[in-house]
Amino acid sequence: GFSAGGHAAGHAALAPGASARERVDLVMLCYPVVSMMLPPHQVSRETLLGRDATPEQRVATSLDLLVTPDAPPFFVWHTAEDAAVPVQHSYLLGMALAAAGVRHALHVFPRGRHGLNLARADGDGDAGQWTDLCAAWLREEGWLP
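Bear in mind that the values here come from a model prediction, so they are computed numbers and not experimental data. (Residues numbered from 1 in each chain as written. Predicted model: local features only at pLDDT ≥ 70, side-chain atom pairs only at ≥ 80, totals over all residues. Heavy atoms only, no water.)

Draft legend 1. Seen up close, helix α4 (residues 88-100). Compared with the 18 Å implied by 1.5 Å per residue over 13 residues, the 18 Å span of α4 between its first and last C-alpha is a close match. Among all positions of α4, only H89, S90, L93, G94, A96 and L97 are buried. All buried residues of α4 fall inside an arc of 165° around its axis, so they share one side. Residues of α4 that are exposed and point over 90 degrees away from its buried face: M95 and A99. (Helix = DSSP H or I, 4+ residues; strand = E, 2+ residues; numbered from the N terminus. Expected span 1.5 Å × (residues − 1). Buried < 20%, exposed > 50% of the residue type's maximum accessible area, 1.4 Å probe, protein only. Arc of directions from axis to C-beta.)

Structural data, given as structure tokens:
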């Protein structure tokens, strides 16, 4: 999932009470919106929860606060320059995954605007490496030969 879609994908992967059939096997998030507690990226919070979201609603939809030791493996990447969704979102998720002992990869590239999508290896700087890094991670996780 990318950006706000990364929040939706992450929330689906961390959904409390999901049955074994509903659980995902692994997660790939690209510059995701993670926290509904941080002031930045208020647009996503208001779209998802409305302007008058309660603290309880914000906690219940903050991915970093939903991580448990049985969460699936995560691959996350972001850029330090992202002005739309600050990199702090991915750092919070990475810290929560590490604290819970969840296998994960977190890549933060120094340059790149928000919305790079698949990125180009020749025009988007180091962020263009993310697809190769993700493929290597998928191999390590046993999903690619």
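Draft legend 2. A look at the environment of P69. Locating P69 in the fold gives a position in the loop between α3 (55-60) and β2 (74-79). Judged by its relative accessible area of 64%, P69 falls in the exposed class. Residues P69 and V102, spaced 33 residues apart in sequence, show a C-alpha to C-alpha distance of 5.9 Å. In this structure P69 touches A100 and V102, once residues within four positions along its chain are discounted. (Contact = heavy atoms within 4.5 Å.)

Draft legend 3. Looking closely at the packing of aromatic side chains. Applying the stated criterion across every chain, the model contains 7 aromatic pairs. Consider the rings of F75 and W130, whose centres lie 6.4 Å apart with planes at 35°: the pair is tilted. Taken together, the residues span a long stretch of sequence, with F75 in strand β2 and W130 in helix α5 (residues 130-140) at a distance of 55 residues. Centroid distance F75 to W137: 5.6 Å. Interplanar angle 45°. Geometry classified as tilted. Here the residue F75 occupies a position in strand β2, and W137 occupies one in helix α5, the gap between them amounting to 62 residues. Here F75 and W137 have matching classes, each one buried. Grouping aromatic residues by their ring pairs yields a cluster made of F2, Y31, F75, W77, F109, W130 and W137. (Phe/Tyr/Trp six-rings, centres within 6.5 Å; stacked < 30°, edge-to-face > 60°.)

Draft legend 4. Summary view of the environment of C134. Structurally, C134 can be placed in helix α5. Sequence separation between C134 and H107 is 27 residues; the distance between their C-alpha atoms is 9.8 Å. If near-sequence neighbours (up to four positions away) are discounted, C134 is found in contact with M28 and F75.

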